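Listed below are the residues making up each chain.
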Amino acid sequence: MKTLVTQLSNYARYHRDKRNIYTHFIGIPLIVYALLVLLSRPSFTVLALSLTPAVLVVSITCLYYLKLSLRLGLLMSALLVLSLLGAAPVAMLSTWLWLSVGIGLFVVGWVFQFVGHYYEGKKPAFVDDLIGLVIGPLFVVVEALFLMGLCKELQAQIEHQAGAIK
């Protein structure tokens, strides 16, 4: 398994233009939330627990993040669980509203993504490596931490490795 720095550095190669990164602050959360809304149906019971495809996806994704980094994995897990909790009420709406919200947010999120990549002049990272779909949300959270002046050592490692990968 690739390391946290390697994963984020590979993703960062496709995201050097600040405008692209800023569009990701809107696009990726919208896409993640939309997917959780759409995956919050159907619900099935296993050992008296109500499960949805969204719960399974979040669980697997959180385990992956925790393997990459305990601290960031815990932060990502908290954010994904909050998103999952926010998606559940939308999944209880009528089918038409549920699909309209889920698909609508998904499309808007991708519009932001493609605008960002237009600025960048590069294709999205997931085109070359599907793991980019999982690393994208982590990248956005890490970039937000960098903007707050946190995780300076991680930032330096990523920038160094991303520059070396070119």
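Since the model is a prediction, treat every value here as computed from it, not as a measurement.

So, how was this worked out
Residues numbered from 1 in each chain as written. Predicted model: local features only at pLDDT ≥ 70, side-chain atom pairs only at ≥ 80, totals over all residues. Heavy atoms only, no water. Helix = DSSP H or I, 4+ residues; strand = E, 2+ residues; numbered from the N terminus. Rg over C-alpha atoms; globule rule 2.2 N^0.38 Å. Salt bridge = Lys/Arg side-chain N within 4 Å of Asp/Glu carboxyl O. Buried < 20%, exposed > 50% of the residue type's maximum accessible area, 1.4 Å probe, protein only. Axes fitted to C-alpha atoms, helices over the stretch in contact; angles between N-to-C directions. Left-handed = near helix turned anticlockwise from the far one by under 90°. Contact = heavy atoms within 4.5 Å. Nonpolar A, V, L, I, M, F, W, Y, C, P; charged D, E, K, R; others polar. pLDDT = per-residue confidence, 0-100. Core = buried A, V, L, I, M, F, W, Y, C linked by side-chain atoms within 4.5 Å. Lys, Arg positive; Asp, Glu negative; His and termini not counted. Expected span 1.5 Å × (residues − 1). Arc of directions from axis to C-beta. Polar contact = N/O pair within 3.5 Å; in protein donor to acceptor, adjacent residues only side chain to side chain.

Once that is clear, we can look at the overall build of the protein chain. The secondary structure content of the protein chain amounts to seven helices and two strands. When the helices and strands of the protein chain are read in sequence order from the N terminus, they spell out α-α-β-β-α-α-α-α-α. A globule of 166 residues ought to have a C-alpha radius of gyration of about 15 Å, and the protein chain, at 16 Å, matches this closely. The principal-axis extent of the C-alpha atoms belonging to the protein chain is close to 50 × 35 × 30 Å.

Taken as a whole and assessed by the stated rule, the structure comprises one salt bridge. Measuring nitrogen to oxygen at the nearest pair gives 2.8 Å for the salt bridge that ties Arg19 to Asp17. Here Arg19 falls in the partly exposed class, since its relative accessible area comes to 44%. Looking at Asp17, the relative accessible area reads 18%, which means it is buried.

Attention now goes to the packing of helix H3 (residues 53-68) against helix H6 (residues 132-147). The interhelical angle for the contact between H3 and H6, taken along N-to-C directions, is 65°, at an axis separation of 11 Å. In this structure, the crossing between H3 and H6 has a hand that is right-handed. Of the residues in H6, those touching H3 at Thr61, Tyr64, Tyr65 and Leu68 are Val134, Ile135, Pro137 and Leu138. Considered class by class, the residues forming the contact of H3 with H6 number seven nonpolar, one polar and no charged.

Glancing now at the environment of Leu105. Looking at where Leu105 falls in the secondary structure, it is placed in helix H5 (residues 95-120). For Leu105, a relative accessible area of 24% puts it in the partly exposed group. In sequence terms Leu105 and Gln157 are 52 residues apart; their C-alpha atoms lie 34 Å from each other. When residues no more than four places from it in sequence are discounted, the contact partners of Leu105 are Leu30, Tyr33 and Ala34.

For residues with low pLDDT, the predicted coordinates do not support detailed interpretation. Scored by pLDDT, the protein chain has a mean of 90; 95% of the residues are at 70 or more. Taking the mean pLDDT of every element in the protein chain, the minimum, 81, falls on strand E1 (residues 44-46) and the maximum, 97, on helix H4 (residues 70-91).

What follows is about the nonpolar core. Leu8, Leu138, Val142, Leu154 and Ile158 are the most contacted members of the largest nonpolar core, which has 35 residues in total. The set of elements that each furnish at least two residues to this core consists of helix H1 (4-12), helix H2 (18-38), H3, H4, H6 and helix H7 (152-165). Examining the composition of this core, we find that eight residues originate from one element, H6, more than from any other. If sequence neighbours within four positions are ignored, Ile158 has contacts with Val5, Leu8, Ser9, Ala12, Val142 and Phe146.

Turning our eyes to something else, we now look at the side chain of Glu143. Assignment of secondary structure puts Glu143 in helix H6. We note that Glu143 is buried and unpaired, the nearest opposite charge coming from Lys18 at a distance of 4.5 Å. Beyond its immediate sequence surroundings of up to four residues, Glu143 is in contact with Lys18, Ile21 and Phe25.

Spanning 22 residues, H4 covers 30 Å between terminal C-alpha atoms, matching the ideal 32 Å at 1.5 Å per step. Taken together, the buried positions of H4 are occupied by Leu72, Gly73, Met76, Ser77, Leu80, Leu84, Ala87, Val90 and Ala91. Taken down its axis, H4 places every buried residue within 130° of arc, on the same side. Those residues of H4 that are exposed and angled more than 90 degrees off the buried face are Arg71, Leu74, Leu82 and Leu85. By the N-cap criterion, in which a side-chain oxygen at the helix start approaches the backbone nitrogen of a residue two or three places on, H4 is capped by Ser69, the distance to Leu72 being 3.2 Å.

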